[in-house]
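Notes for the structure review
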Amino acid sequence: MTLEELNQRIAARASASPEESYTAKLISRGIQKCAQKVGEEGVEAAIAAVTGDHKGLVGEASDLLYHLLVLLRAAGVSLDEVMAELDGRTAQSGLAEKAARPKE
């Protein structure tokens, strides 16, 4: 499965009834709940990584990608926008991009 295919599946499920779709239920609970789930899954993925739990990291990374795409949908941000941003960042190295950021 590609990210685009997952995104399309989320779009289809988001339009279902919250009683029938976990995706629709998450979105109906608001952006705060969607963001909370991204945070939870991100922490769980990080813990699996540092503890060397390969299988756990695979599962948590899957959850994280799903919940991130749900959050983007809830926030009205398209996957195309995110991919275009990533594409634009490939024009320079990550170190050069970070060095060019304004200092606070």
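Scope of this entry: the structure provided in the associated data block. It should be emphasised that the depicted structure is a prediction, and the values quoted were computed from it without experimental measurement.

Side note on the packing of helix α1 (residues 3-14) against helix α4 (residues 54-75)
- The interhelical angle for the contact between α1 and α4, taken along N-to-C directions, is 55°, at an axis separation of 10 Å. It follows from the interaxial angle that α1 and α4 lie oblique. Of the two elements, α1 crosses α4, and the hand of that crossing is right-handed. Here α1 contributes L3, L6, N7, I10, A11 and A14 to the contact with α4, which in turn contributes L65, Y66, L69, V70 and R73.
- Residues that form the contact of α1 with α4 fall into these classes: nine nonpolar, one polar and one charged.

Focus: the pattern of salt bridges
- Under the counting rule described, the total for this entry stands at two salt bridges.
- A salt bridge links K37 to E40; the nearest nitrogen and oxygen atoms lie 3.3 Å apart. Placement of the pair is K37 and E40 together in helix α3 (residues 31-50), with a separation of three residues, close to one helical turn.
- Its relative accessible area of 14% is what places K37 among the buried residues.
- The salt bridge partner of R89 is E85, with a shortest N-O separation of 3.0 Å. Here the residue R89 and the residue E85 both occupy positions in helix α5 (residues 79-89), the gap between them amounting to four residues, near one helical turn.

Some thoughts on the environment of A48
- Tracing the backbone through its elements, the reader meets A48 in helix α3.
- Using a relative accessible area of 7% as the deciding quantity, one classes A48 as buried.
- Along the chain, A48 and A61 lie 13 residues apart, while their C-alpha atoms are 9.4 Å from each other.

Points about α4
- With 22 residues, α4 extends 31 Å from end C-alpha to end C-alpha; this agrees with the ideal 32 Å at 1.5 Å per step.
- Listed as buried for α4 are G56, E60, Y66, H67, L69, V70, L71 and L72.
- Looking at the buried side of α4, the elements it contacts are α1, α2 (22-28), α3 and α5.

A closer look at a negative patch on the surface
- Taken together, the side chains of E4, E5, D80 and E81 make up a negatively charged region of the molecular surface.
- Looking at the secondary structure, you find E5 in helix α1.
- For E5, a relative accessible area of 41% translates into the label partly exposed.

Comments concerning the nonpolar core
- Within the largest apolar cluster, eleven residues are counted, these being L6, I10, L26, C34, V38, Y66, L69, V70, L71, L72 and L79.
- Where this core is concerned, the elements lending two or more residues are α1, α3 and α4.
- Those residues in contact with L79 that sit more than four places away from it in its chain are L3, E4, N7 and L69.

Quick word on the packing of α3 against α4
- Here α3 crosses α4 at 160°, and the two axes come no closer than 8 Å. Overall, the two elements α3 and α4 adopt an arrangement that is roughly antiparallel. Crossing of α3 against α4: the hand is left-handed. For the pair α3 and α4, contact is made by I31, C34, A35, K37, V38, E41, G42, E44, A45, A48 and A49 and by G56, L57, E60, A61, D63, L64, H67, L68, V70, L71, A74 and A75, respectively.

The rules behind each value
Residues numbered from 1 in each chain as written. Predicted model: local features only at pLDDT ≥ 70, side-chain atom pairs only at ≥ 80, totals over all residues. Heavy atoms only, no water. Axes fitted to C-alpha atoms, helices over the stretch in contact; angles between N-to-C directions. Helix = DSSP H or I, 4+ residues; strand = E, 2+ residues; numbered from the N terminus. Parallel < 35°, antiparallel > 145°, perpendicular 65-115°, else oblique. Left-handed = near helix turned anticlockwise from the far one by under 90°. Contact = heavy atoms within 4.5 Å. Nonpolar A, V, L, I, M, F, W, Y, C, P; charged D, E, K, R; others polar. Salt bridge = Lys/Arg side-chain N within 4 Å of Asp/Glu carboxyl O. Buried < 20%, exposed > 50% of the residue type's maximum accessible area, 1.4 Å probe, protein only. Expected span 1.5 Å × (residues − 1). Patch = residues over 30% accessible without salt bridge, like charges linked within 9 Å, V, L, I, M, F, W, Y side chains within 5 Å. Areas by Shrake-Rupley, 256 points an atom, 1.4 Å probe, with all protein chains shown as cover. Lys, Arg positive; Asp, Glu negative; His and termini not counted. Charge placed at Lys NZ, Arg CZ, Asp CG, Glu CD. Core = buried A, V, L, I, M, F, W, Y, C linked by side-chain atoms within 4.5 Å.

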